[in-house]
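The chain contents come next:
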Amino acid sequence: DAGVTQSPTHLIKTRGQHVTLRCSPISGHKSVSWYQQVLGQGPQFIFQYYEKEERGRGNFPDRFSARQFPNYSSELNVNALLLGDSALYLCASSYGTGGYNEQFFGPGTRLTVL
Amino acid sequence: AQKVTQAQTEISVVEKEDVTLDCVYETRDTTYYLFWYKQPPSGELVFLIRRNSFDEQNEISGRYSWNFQKSTSSFNFTITASQVVDSAVYFCALSGSTQGGSEKLVFGKGTKLTVNP
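Since this is a predicted model, take the numbers as computed values, not measurements.

S.K.: So what about the state of the cysteines? Which residues, and what values?
M.R.: All names here are of chain B. The full count for this structure, using the stated rule, is two disulfides over all chains. At a sulfur-sulfur separation of 2.0 Å, the disulfide partner of C23 is C92. Residues C23 and C92 share a disulfide whose torsion about the S-S bond is about -65°; that sign makes it left-handed. Here C23, found in the loop between β3 (19-21) and β4 (24-26), pairs with C92, found in strand β10 (residues 88-96); they are 69 residues apart in sequence, far enough to count as distant.

S.K.: Tell me about the sheet that holds strand β7 (residues 64-68) of chain A, residues and numbers included.
M.R.: Residue and element names in this part refer to chain A. Across the sheet, four strands lie side by side as β1-β3-β8-β7; this open sheet has antiparallel pairing. Where the open sheet ends on each side, the last strands, each with one partner, are β1 (5-7) and β7. For this sheet, the mean inter-axis angle between neighbouring strands, taken without regard to orientation, is 15°. Where β1 meets strand β3 (residues 19-24), three bridges bridge the pair, whose relative direction is antiparallel. Paired with S7 across the bridge in β3 is R22.

S.K.: Before we move on, can you summarise the interface of chain B and chain A with the specific residues and values?
M.R.: Think of interface size as the accessible area that goes away when the parts come together; that is how it is often given. Listed as interface residues are 23 residues of chain B and, on the opposing side, 26 residues of chain A. Here chain B and chain A share an interface that buries about 1900 Å² over both sides, 51% of which is from carbon and sulfur atoms. On the chain B side of the contact with chain A, L45(B), E103(B) and F107(B) bury the most area, a combined 31% of that side's loss. Linking chain B with chain A are three residue pairs in polar contact (both at pLDDT 80 or more), by the criterion used here. Mapped onto the side of chain B that touches chain A, the elements with two or more residues apiece are β5 (32-39), β6 (46-52) and β10 of chain B. If you tally residues by element for the side of chain B that touches chain A, the top one is β5(B), at four residues.

S.K.: Describe in detail the packing of aromatic side chains, supporting the description with residues and values.
M.R.: Each pair of aromatic rings is reported with the distance of its centres and the angle of its planes. Residues and elements named next belong to chain B. A full pass over the atoms with the stated rule returns 20 aromatic pairs over all chains. Aromatic pair F35 and F47: ring centres 6.4 Å apart, planes at 65°, arrangement edge-to-face. With F35 in strand β5 and F47 in strand β6, this pair connects stretches of sequence that are twelve residues apart. Relative accessible area serves as the criterion here: at 0%, F35 is assigned to the buried category.

Rules behind the numbers
- Residues numbered from 1 in each chain as written.
- Chains lettered and ligands numbered in written order.
- Predicted model: local features only at pLDDT ≥ 70, side-chain atom pairs only at ≥ 80, totals over all residues.
- Heavy atoms only, no water.
- Disulfide = S-S within 2.5 Å.
- Helix = DSSP H or I, 4+ residues; strand = E, 2+ residues; numbered from the N terminus.
- Pairing = 2+ DSSP bridges.
- Axes fitted to C-alpha atoms, helices over the stretch in contact; angles between N-to-C directions.
- Contact = heavy atoms within 4.5 Å.
- Buried area = accessible area lost by both parts, 1.4 Å probe.
- Polar contact = N/O pair within 3.5 Å; in protein donor to acceptor, adjacent residues only side chain to side chain.
- Phe/Tyr/Trp six-rings, centres within 6.5 Å; stacked < 30°, edge-to-face > 60°.
- Buried < 20%, exposed > 50% of the residue type's maximum accessible area, 1.4 Å probe, protein only.

Take a look at the structure:
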């Protein structure tokens, strides 16, 4: 079975630009979460969507937004990129929601902002 | 607020040594869940274990074992007879029951384990 997939793998943008990252969950999983991992740190929670509804939001500015589609795939959008947005963006999927589910992570998208 | 502390930033051992990775957590939830993830150089987080707050039984899986102690808010991870393939960054994470039903995981900063041949 295919795991969580993310695209693109790597991305280079300049300050002020906009970026869209994509995630496809494991088949049958209805929950998608997004995390930002800055070099040398643990992942930080950005968003969670379950059945196309936002279920959780981390402490990130409004420049960050996300959505989930009817097929449960998801997009993370970041506007007005800053140098500090350079990080590995991880997507995780799980079957349900509630904090106890095992989350399966994708390989991530490495974003570099110049 | 929830918090996970992994005090060991880096650990280096020689193959076949036993190594313990420490994890201390803070939460006000009475029901919560603890996780360990492994992150190899490829970057993908690999799930290792989940433990419920109401289940303090220790667990062993092959060379891996976990010691959960609510009295000290710790969830430590031991690798017995370490191997080079165990080299990775290991993260301890916490989720709680008062998150509005969300799957939010709070991660520690990770411990980089290097196993030398």
